[in-house]
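Each chain, letter by letter, is given below.
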Amino acid sequence: MQALSNSFCMQALFLHSFVDASTSWGIILDCGSSGTRLRIYTWTDTEPIFGHGVKQFTPPKSQDEELLETSLGISSFAPNPQDVKPYIKTLFEQALRWIPSPKVSATRVRALATAGMRLLSDMEQKPIWLAI
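Residues numbered from 1 in each chain as written. Predicted model: local features only at pLDDT ≥ 70, side-chain atom pairs only at ≥ 80, totals over all residues. Heavy atoms only, no water.

### A few points about the overall build of the protein
Definition in use: Helix numbers and strand numbers start at the N terminus; a helix is a DSSP run of H or I with at least 4 residues, a strand a run of E with at least 2. Exposure categories follow from relative accessible area, calculated using a 1.4 Å probe and restricted to protein chains: below 20% of the type maximum is buried, above 50% is exposed, and the middle band is partly exposed. Residue contacts are counted whenever heavy atoms from the two residues lie within 4.5 Å of one another. Note on areas: these come from Shrake-Rupley sampling with a 1.4 Å probe, and a residue is covered only by the protein chains present in the view.
Across its full length, the protein holds six helices and five strands. Counted from the first residue to the last, the protein has its helices and strands arranged as α-β-β-α-β-α-β-α-β-α-α. The buried share among the 132 residues of the protein stands at 33%. Taking all contacts inside the protein whose residues are at least 6 apart in sequence as the whole, residues at least 24 apart take part in 60%. Split by element, the accessible area of the protein, about 8,400 Å² in all, is 60% carbon and sulfur.

Spelled out as structure tokens, the structure:
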């Protein structure tokens, strides 16, 4: 119980340094042919978004960072596109551990795909994107 409590306190202190009224949060889903990686970014209203203003947020432990990645490309869900939703949901559940709760509703999300999705027809891609 003490280890859990210490871990929670460390996480709270770590996130405290990122909570600021002028800090914005964003998520990019990099949906590659072999897996999906969720990347978290922050920027402030006072810094330019392009250039050095955007910072990638990395969880303090590599085990936590690994939870922001999954195997299987989203194109593999073409036969059953409804199955992509729980697949992606697990990544968002992990991201919610790191994005401060007051910032969640304003967090911008973008999904990008590469080779695997290009191999699918528009008709096969559409239900996957709708599920995401």
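### Concerning empty space enclosed by the protein
Formally: Buriedness for pockets is judged along seven lines, at least five of which must meet protein on both sides within 12 Å for an open set on the 1 Å grid over protein atoms alone, while cavities are sets there where a 1.4 Å probe fits but cannot get out, and lining residues have an atom within 4 Å of a point. Grid points are joined across faces, edges and corners, and a volume is the space filled by probe spheres set on the points.
Using the criterion set out here, one finds one cavity of 30 Å³ or more in the structure. Taken as a whole, the largest cavity holds about 40 Å³ of empty space. Contributing to the lining of the largest cavity are Leu38, Arg39, Ile40, Gln56, Phe57, Thr58, Pro59, Glu65 and Leu68. Broken down by secondary-structure element, the contributors of at least two residues to the lining of the largest cavity are β2 (35-44) and β3 (55-57). The element contributing the most residues to the lining of the largest cavity is β2, with three residues.

### A short note on the pairing of strand β1 (residues 23-31)
As a reminder, the rule being used: Two strands qualify as a pair provided that DSSP identifies no fewer than 2 bridges between them.
Across the nine residues of β1, seven count as buried, placing the element largely inside the fold. Bridge count for β1 against β2 is nine bridges, and the pairing is antiparallel. Pairing of cysteine 31 across the sheet is with threonine 36, part of β2. Joining the antiparallel neighbours β1 and β2 is a turn of three residues.

### Some details on the pattern of salt bridges
We count it as follows: When a carboxyl oxygen of Asp or Glu is within 4 Å of a side-chain nitrogen of Lys or Arg, the pair counts as a salt bridge.
Going through the model one piece at a time under the given rule, you end up with four salt bridges. Across the pair aspartate 30 and arginine 37 runs a salt bridge whose closest N-O atoms are separated by 3.4 Å. For arginine 39, the salt bridge goes to glutamate 69, with nearest N and O atoms at 3.2 Å. One end of the pair, arginine 39, is in strand β2; the other, glutamate 69, is in strand β4 (residues 69-71), and 30 residues separate them in sequence.

### Some remarks on unusual backbone geometry
The bulk of non-glycine residues show a negative phi, and the bulk of peptide bonds are trans. Residues other than glycine seldom take positive phi values, yet leucine 72 does so here, at roughly 90°. Considering the arrangement of structural elements, one finds leucine 72 in the loop between β4 and α4 (84-95).

### Observations regarding the confidence of the model for the protein
Heads up, the condition is: One confidence number per residue, pLDDT, is output by the predictor and ranges from 0 to 100.
With 81% of its residues at a pLDDT of 70 or more, the protein shows a mean pLDDT of 84. Counting interchain partners and residues more than four positions distant, the pLDDT-below-50 stretch residues 1-17 has 10 contacts.

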